[in-house]
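Fold and geometry: a report
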Amino acid sequence: MASDDCSKDELLEFAGENRTDSGIDSYRSMLKSEEPRDPGTDISGPREKFSTVEERLDSAYGSSSITGESLTELVESCTLSGDQEEQTHSSELSEQEENLLTTITEEGDTFLHLAIIHEDDIIIQHLIELFPKEVLDIQNNLYQSPLHLATYLNLTDVVRSLVEKGASLELQDQDGNTALHVACQHGQTDCAREMTKDVSPSKLAPILETQNWRGLACLHLAALNRQHQIMKLLMKKGADLNIQEGTSGKTALHLGVELHDIKSVRLLLSRGANVDAAMFNGCTPLHLAVGRQDATIANLLCQSGADTMLRNMEDETALDLADGNDDILALFPFDDIQISGRSVVGVKF
């Protein structure tokens, strides 16, 4: 079990600006005021997928009477019961087992959610072994499954056990992120590897194409967060290098250019990303590189065959955006420039 002297700052490490990982920040004040509710009783009202309110990762913290010790006792009693009644275990659940399976806190957390947040490996493994797939895939009020939480906390062994038991990779949290999205965003390379290693291409493809509510697929998140190892993993697993994010039509290559991330740009181009991919407004990666006065990346794109004469919806070529930058202007061969349909090469002024 994680130490009680774990600092608040450490527990908030994954939170980011939107604090999507919460609950961990109130680690020592778990579950004091409310008793767990029966899963069939909905007292919280509709759950809003598109909520932008800052909420904790495990909103059950501070709202239940369950503690780490009581959780341990429940699991141990269930294990002992299972040993004593081994012959009937498969057909009939003990009362303790039934409690573990059916108890859900007011915020929608199962005992497995809580055990994962406590990072108690022994209890987690007991619960994963005990719980059927349907319980493993229960999402709390923030639409987080146990797999989401294990990934946030970078619990690779837990992720492996959940995936091996059949936990769904397709479930999306309140931000539209699958657990693989979470791994890509936070750089949980080992977790991402566990989620993809034994998955058939046909089953993995729709997950790689899933967009969160910001329109971002896994490859976009990896590129935005400069997670180059995860980018390589996704490419190896067949991710579409030219998939467009849903708001402006940027590919991962556009995002790498915007970030001036030459490593991402080289990686994507070396794996066959479309150098001339157009955003919804017609801008290519070269338009973005020139517009940001990045001569190094603009040169790399030109060397990779970027078409310098493509026009965006404003009828601008990349050259039009050079704004007198000599380093960038030097990249454009003047024999490609035409006036009234005629090349300027050989024309004397």
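Cut-offs and rules
- Residues numbered from 1 in each chain as written.
- Predicted model: local features only at pLDDT ≥ 70, side-chain atom pairs only at ≥ 80, totals over all residues.
- Heavy atoms only, no water.
- Helix = DSSP H or I, 4+ residues; strand = E, 2+ residues; numbered from the N terminus.
- Polar contact = N/O pair within 3.5 Å; in protein donor to acceptor, adjacent residues only side chain to side chain.
- Contact = heavy atoms within 4.5 Å.
- UniProt positions renumbered as here; feature names shortened; annotations may be inferred.
- Core = buried A, V, L, I, M, F, W, Y, C linked by side-chain atoms within 4.5 Å.
- Buried < 20%, exposed > 50% of the residue type's maximum accessible area, 1.4 Å probe, protein only.
- Domains from an automatic or database assignment.
- pLDDT = per-residue confidence, 0-100.
- Salt bridge = Lys/Arg side-chain N within 4 Å of Asp/Glu carboxyl O.

Further remarks concern the side chain of His287. Residue placement: His287 occurs in helix 16 (residues 285-291). Within the structure, the side chain of His287 is placed 3.4 Å from the backbone oxygen of Leu310, a separation counted as a polar contact. If we skip the residues at most four places from it in the chain, His287 touches Gly282, Leu310, Arg311, Asn312, Glu316, Thr317, Ala318 and Leu321.

Per the UniProt entry, the sites bearing "repeat: ANK" (unreviewed entry) are residues 142-174, 214-246, 248-280 and 281-313 in this numbering. For the annotated span residues 142-174, helix accounts for 52% and strand for 0% of the residues, and the straight-line distance between the end C-alpha atoms is 5 Å. A distance of 5 Å separates the end C-alpha atoms of residues 281-313, which is 48% helix and 0% strand.

In this section: the nonpolar core. Counting residues in each nonpolar core, the largest one holds 75 residues, and the members touching the most others are Ile116, Leu162, Leu234 and Leu301. Lining this core are residues from two domains, each supplying at least three of them: domain 1 (99-240) and domain 2 (247-334). Look past the residues within four positions of Leu234 in its chain and what remains in contact with it is Leu180, Cys184, Leu208, Cys218, Leu219, Ala222 and Ala239.

Turning our eyes to something else, we now look at helix 10 (residues 189-196). Where burial is concerned, most of helix 10 is hidden: six out of the eight residues are buried. Residues of helix 10 that are buried: Thr189, Cys191, Ala192, Glu194, Met195 and Thr196. Those residues of helix 10 that are buried lie in contact with helix 7 (146-152), helix 8 (156-165), helix 9 (179-186), helix 11 (201-209) and helix 13 (228-236).

Position of Asp261 relative to the elements: it lies in the loop between helix 14 (252-258) and helix 15 (262-270). Within the structure, Asp261 has its side chain in polar contact with the side chain of Ser264 (distance 2.7 Å). Each residue touching Asp261, except ones within four places of it in the same chain, is listed here: Arg226, His228, Gly256 and Ile297.

The next subject is the confidence of the model for the protein chain. Per-residue confidence for the protein chain gives a mean pLDDT of 77, with 66% of residues at or over 70. Segment residues 339-349: pLDDT under 50, and nine contacts once partners within four positions in sequence are set aside and those in other chains are kept.

Right, let's talk about the pattern of salt bridges for a bit. Applying the stated rule across the entire model yields 10 salt bridges. Ionic pairing is found between Arg226 and Asp261, a salt bridge with its closest N-O pair at 3.9 Å. One end of the pair, Arg226, is in the loop between helix 12 (218-224) and helix 13; the other, Asp261, is in the loop between helix 14 and helix 15, and 35 residues separate them in sequence. Exposure remark for Arg226: the relative accessible area of 40% places this residue in the partly exposed category. The buried category is assigned to Asp261, whose relative accessible area is 5%. Among the salt bridges present, the one from Lys250 reaches Glu258, with a minimum N-O distance of 2.8 Å. Assessed through its relative accessible area of 17%, Lys250 is described here as buried. A network of salt bridges, in which partner residues are shared, links Asp157, Arg160, Glu194 and Lys197.

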